[in-house]
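Below, each chain spelled out in residue letters.
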Amino acid sequence: MRRIRARRRIVAAAAGATTLANVALISPVLSGSAVAAPVHAGRGVTVVPATAGAQSENAAQSLLTTEQCRAKWQISCYTPNQYRQAYHLDPLYQAGVTGKGRTIVIVDSFGSPTIQHDLDVYSARFGMKSTHVDVVKWGNVPSFDPNNSAQVSWAGESTLDVEMAHAVAPDAHIVLVESGADQNGDGATGLREMMDAEKSLVDRGVGDVISQSFGATENTFPGFRKGDFSSIENLRYAFKDAAEHKVTVLAASGDGGATNTTADGNADYPYKVNAWPSSDPLAVSVGGTQLHLDAKGDRIAPDSVYNDEGASGGGPSHVFARPSYQNGVGQMVGAHRGTPDVSMSAALNGGAWVYSSYNPKRVGWDVYTGTSEASPLFAGIVALADQVAGHRLGDIHQALYSLSAKSSRNPSTGIVDVKDGTNNSHAGVTGYTAVKGYDMATGVGTIDAARFVPALAKEG
């Protein structure tokens, strides 16, 4: 019998964000280095994938049904077809809304040498046509070594990101950025490389939405203890550039609930912290829910907060003040930026099937979990909305909170409140409870895509 275990991927990140394993850029044409404000060197910054990255101990040779997963591992395992049903995506596909003409940029360390092949196998298995993945290598990306745990972890993260984005927006173009920086050795350098890559792509007109499944605890950045946040401020140039070019930026909220990893990445803070880039006011923070589905993908219970092997990252930033778009939820977030903004599937009990072959010792199907799953899922949603609108929607925060404010009296907004009383407490740190309206466990809640996509396109 296989045993399911959680695996945390590690990518460049600051505080309270989900971790990623391998950061990389995809297009040789775009490789290089953009000029940006310097960041104070600090080896204390640890960038990790924004997902618990749980996967089976040994790759499966064949998929198991949801019922077989429950019998064998006591968890539910879901296919993209179940997600499509759960998020009410089929009416959009039937209307020709598939992400066609839109580009999703995914940023990771190192990447995966088999990403195109694995996406092709994944797509064929679920009756989807595949799409071409452009790989942009940024910096000195080493040759893939299946014996290097960091590279293997990032390869898994990259695979998860690409397959989840494709599952939602099957006709969207995907660009995978592979960064060569060693996120464990010097997270500050790794984050600079990732931001340089993002800015270069934005300036070249590549990408409508950027998905980031990585994060670093705010507290680990140089100067934090002294109230000097310049090391984070000096990394925001890519997001500011994206806002000017109407590119939507997403960031996984993390898997540490109301806390997050310490500088060495081996423990969690014993008190509430947050992580960057999820905490950045220019990034849409994507938290995690647990879906309760039957074999067809229909709900057998309302969504709850992701809280099993990890927990949906959320809470107030200790760096950024409350942005104006959160003034309407000021009683919940206080004077600081609150995360997350919105949530998608992320729980281990309800994890996603992913196919990979980058590790020759582990070819086949695995179950993944974490907000590293949620961010690319929502990136697909944004790509669909961009297609409906006929243009990039850019920073969607104002539209998102405006739709949420209307949702209690107008279900056509597509905002689905998560209010079942579950919470994101984790590692002994008391978190936040899912209540009516906005909360710092799931944000405004989750979405019904058939309604949310056109509503977002119109509001945006």
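Just so it is clear, the model here is predicted, and its values are computed rather than measured. Sequence positions are assigned chain by chain, starting from 1 and proceeding in written order. For a predicted model such as this one, the threshold for reporting local features is a pLDDT of at least 70, and the threshold for listing and counting side-chain atom pairs is 80 or more; totals across whole chains, interfaces and linings nevertheless cover every residue. Hydrogens and water are ignored here; the side-chain numbers use all heavy atoms of the structure.

J.: Can you walk me through the packing of aromatic side chains in this structure?
T.: The description of an aromatic ring pair rests on the distance of the ring centres and on the angle between the ring planes. Pairing of aromatic rings covers Phe, Tyr and Trp, the last through its six-membered ring, and needs centres within 6.5 Å; plane angles under 30 degrees mean stacked, over 60 mean edge-to-face, and all others mean tilted. A complete count under the given rule lists 14 aromatic pairs for this structure. Ring centres 6.4 Å apart and planes at 85° place the aromatic pair Phe221 and Trp276 in the edge-to-face group. Residue Phe221 is found in the loop between strand E9 (214-217) and helix H7 (230-233), and its partner Trp276 is found in strand E11 (residues 275-276); the two are separated by 55 residues along the sequence. A residue is classified by how much of its surface remains accessible, and Phe221, at 4% relative accessible area, is buried. A residue is classified by how much of its surface remains accessible, and Trp276, at 0% relative accessible area, is buried. With a centroid separation of 5.5 Å and an interplanar angle of 55°, the aromatic rings of Tyr269 and Tyr271 are classed as tilted. The exposure class assigned to Tyr269 is buried, which follows from its relative accessible area of 12%. One aromatic cluster is present, built from ring pairs that chain together Tyr122, Phe126, Tyr355 and Trp365. Seen from the ring of Tyr87, Arg299 lies directly overhead, with NZ or CZ sitting 5.8 Å from the centre. A helix here means a DSSP run of H or I that spans at least four residues, while a strand means a run of E at least two residues long, and both kinds are numbered starting from the N terminus. A simple rule labels every residue: compare its accessible area, found with a 1.4 Å probe on the protein chains alone, to the largest value its type can have, and call it buried under 20%, exposed over 50%, or partly exposed in between. Charge-over-ring placement is defined geometrically: NZ (Lys) or CZ (Arg) within 6 Å of the ring centre, and within 35 degrees of the ring normal.

J.: I would appreciate a short explanation of unusual backbone geometry in the present structure.
T.: Generally, phi is negative for residues other than glycine and the peptide bonds are trans, each holding for most cases. Residue Pro277 follows Trp276 across a cis peptide bond; omega there is 20°. Note that the residue after Thr339, namely Pro340, is joined by a cis bond; omega there is 0°. Among the secondary structure elements, Pro340 is positioned in the loop between strand E15 (336-339) and strand E16 (342-345). Positive phi, normally seen in glycine, also occurs at His88, with a value near 60°. Mapped onto the elements of the fold, His88 is located in the loop between helix H2 (80-86) and helix H3 (90-94).

J.: Just to check I follow, could you spell out the nonpolar core for this structure?
T.: Burial of nonpolar side chains together is a common tendency in soluble globular proteins. To qualify as a nonpolar core, a set must consist of buried Ala, Val, Leu, Ile, Met, Phe, Trp, Tyr and Cys residues joined through side-chain atoms within 4.5 Å. Counting residues in each nonpolar core, the largest one holds 85 residues, and the members touching the most others are Phe378 and Ile381. Looking at this core, the element that brings in the most residues is helix H10 (residues 371-389), giving nine residues. If you look at the next biggest cluster of nonpolar residues, it comprises 33 residues, including Ala150, Met195, Phe224 and Val247.

J.: Just checking my understanding: could you explain the sheet that holds strand E4 (residues 77-78) for this structure?
T.: Strands belonging to one sheet form pairs held by backbone hydrogen bonds; the direction of such a pair is parallel or antiparallel. Two strands make a pair as long as DSSP finds a minimum of two bridges between them. Ordered in space as E4-E17-E18, the three strands form an open sheet in which the pairing is mixed. Two strands in the sheet have a free side with no partner beyond their single neighbour: E4 and strand E18 (364-368). As judged from the two bridges shared by E4 and strand E17 (residues 351-356), these two strands associate in the parallel manner. Across the sheet, the residue bridging to Tyr78 is Ala352, located in E17. Contacting E17 and E18, helix H4 (residues 115-125) runs over the sheet at an angle of about 125° to E17. Note on contacts: a residue pair qualifies if any of its non-hydrogen atoms lie within 4.5 Å across the two residues. Only C-alpha atoms enter the line fits that serve as axes; for helices the fit covers just the stretch in contact. Angles between N-to-C directions range over 0 to 180 degrees.

J.: Please explain the packing of H4 against helix H5 (residues 149-168) as it appears in this structure.
T.: Two quantities define a packed helix pair, namely the angle between the helix axes and the distance between the axes. Put simply, H4 and H5 touch, their axes get as near as 10 Å, and they point 40° apart. Classified by the angle between their axes, H4 and H5 sit oblique to one another. Where H4 crosses over H5, the two elements pack in a sense that is right-handed. For the pair H4 and H5, the contacting residues are Ile115, Asp118, Leu119, Tyr122 and Ser123 in the first and Ser158, Thr159, Val162, Glu163, Met164, His166 and Ala167 in the second. Each residue is assigned to one class: nonpolar for Ala, Val, Leu, Ile, Met, Phe, Trp, Tyr, Cys and Pro, charged for Asp, Glu, Lys and Arg, and polar for all the others, Gly among them. A class-by-class count of the residues in the contact of H4 with H5 yields six nonpolar, four polar and two charged. To sort the angles, those under 35 degrees are grouped as roughly parallel, those over 145 as roughly antiparallel, those from 65 to 115 as roughly perpendicular, and the leftovers as oblique. Handedness of a crossing is defined here by the sense of rotation of the near helix relative to the far one, left-handed for an anticlockwise turn of less than a right angle and right-handed for a clockwise turn.

J.: Help me out: how do you make sense of the pattern of salt bridges in this one?
T.: Any two side chains of opposite charge can pair, so long as their charged atoms come close to each other. The working definition used for a salt bridge is a side-chain nitrogen of Lys or Arg within 4 Å of a carboxyl oxygen of Asp or Glu. Applying the stated criterion across every chain, the model contains 12 salt bridges. Lys199 serves as the salt-bridge partner of Asp203, at 2.8 Å between the closest nitrogen and oxygen. Of this pair, Asp203 and Lys199 are both found in helix H6 (residues 187-203), four residues apart, which corresponds to roughly one turn of the helix. Residue class for Asp203 comes out partly exposed when judged on its relative accessible area of 41%. Put simply, Lys406 and Glu459 hold a salt bridge, and the shortest N to O gap is 3.1 Å. In this pair, Lys406 sits in helix H11 (residues 397-407) while Glu459 sits in helix H12 (residues 449-459), placing the two residues 53 residues apart along the sequence. Classification of Glu459 by relative accessible area gives partly exposed; the value is 31%.

J.: What's the story with the pairing of strand E5 (residues 103-109) in this structure? I'm lost.
T.: Successive side chains on a regular strand alternate, one facing one side of the sheet and the next facing the other. When you tally the buried positions in E5, you get seven out of seven residues, the bulk of the element. Because side chains alternate across E5, one face comprises the buried residues Thr103, Val105, Val107 and Ser109, and the other comprises Ile104, Ile106 and Asp108, equally buried. The pairing of E5 with strand E7 (residues 173-179) spans seven bridges and is classified as parallel. Bridging from a neighbouring strand, Thr103 pairs with His173 of E7. Strand direction decides the pairing type here: E5 and strand E8 (residues 209-212), joined by four bridges, are parallel. Directly across from Ile104, in E8, lies its bridge partner Val209.

J.: Sorry if this is basic, but what is going on with the side chain of Asp448 here?
T.: Residue position: Asp448 is located in the loop between strand E20 (446-447) and H12. For the buried Asp448, no salt bridge is present, and the opposite-charge side chain at shortest range is Arg451, 4.5 Å distant. Identification of polar contacts relies on pairs of N or O atoms within 3.5 Å, with a donor-acceptor requirement for protein atoms, meaning one able to donate a hydrogen and the other able to accept it, and with residues adjacent in sequence counted only if both atoms are side-chain atoms. Engagement of the side chain of Asp448 in a polar contact is seen with the backbone nitrogen of Ala450, the distance being 3.2 Å. Excluding residues within four positions of it along the chain, Asp448 makes contact with Tyr87, His88, Gly414 and Val416. Charge assignment: positive for Lys and Arg, negative for Asp and Glu; neither His nor the chain ends contribute.

J.: Looking at this model, I keep getting lost on H5. Mind explaining?
T.: Spacing of three or four residues puts side chains on the same side of an α-helix, whose turn is 3.6 residues. The end-to-end C-alpha distance of H5, which contains 20 residues, comes to 29 Å, matching closely the 28 Å that a straight helix rising 1.5 Å per residue would cover. With 19 of 20 residues buried, H5 lies mostly within the body of the structure. Where H5 begins, the capping side chain belongs to Asn148, and its oxygen is found 3.0 Å from the backbone nitrogen of Ala150. Each helix should span, by expectation, one fewer than its residue count multiplied by 1.5 Å.

J.: Even after reading the chapter, I still don't get the pairing of E17, so can you show me in this structure?
T.: Within E17, six of the six residues are buried, which leaves it mostly tucked inside the rest of the structure. Examined bridge by bridge, E17 and E18 share five bridges and lie antiparallel to one another. Bridging from a neighbouring strand, Ser356 pairs with Gly364 of E18.

Keep in mind these numbers describe shape, not what the thing actually does.
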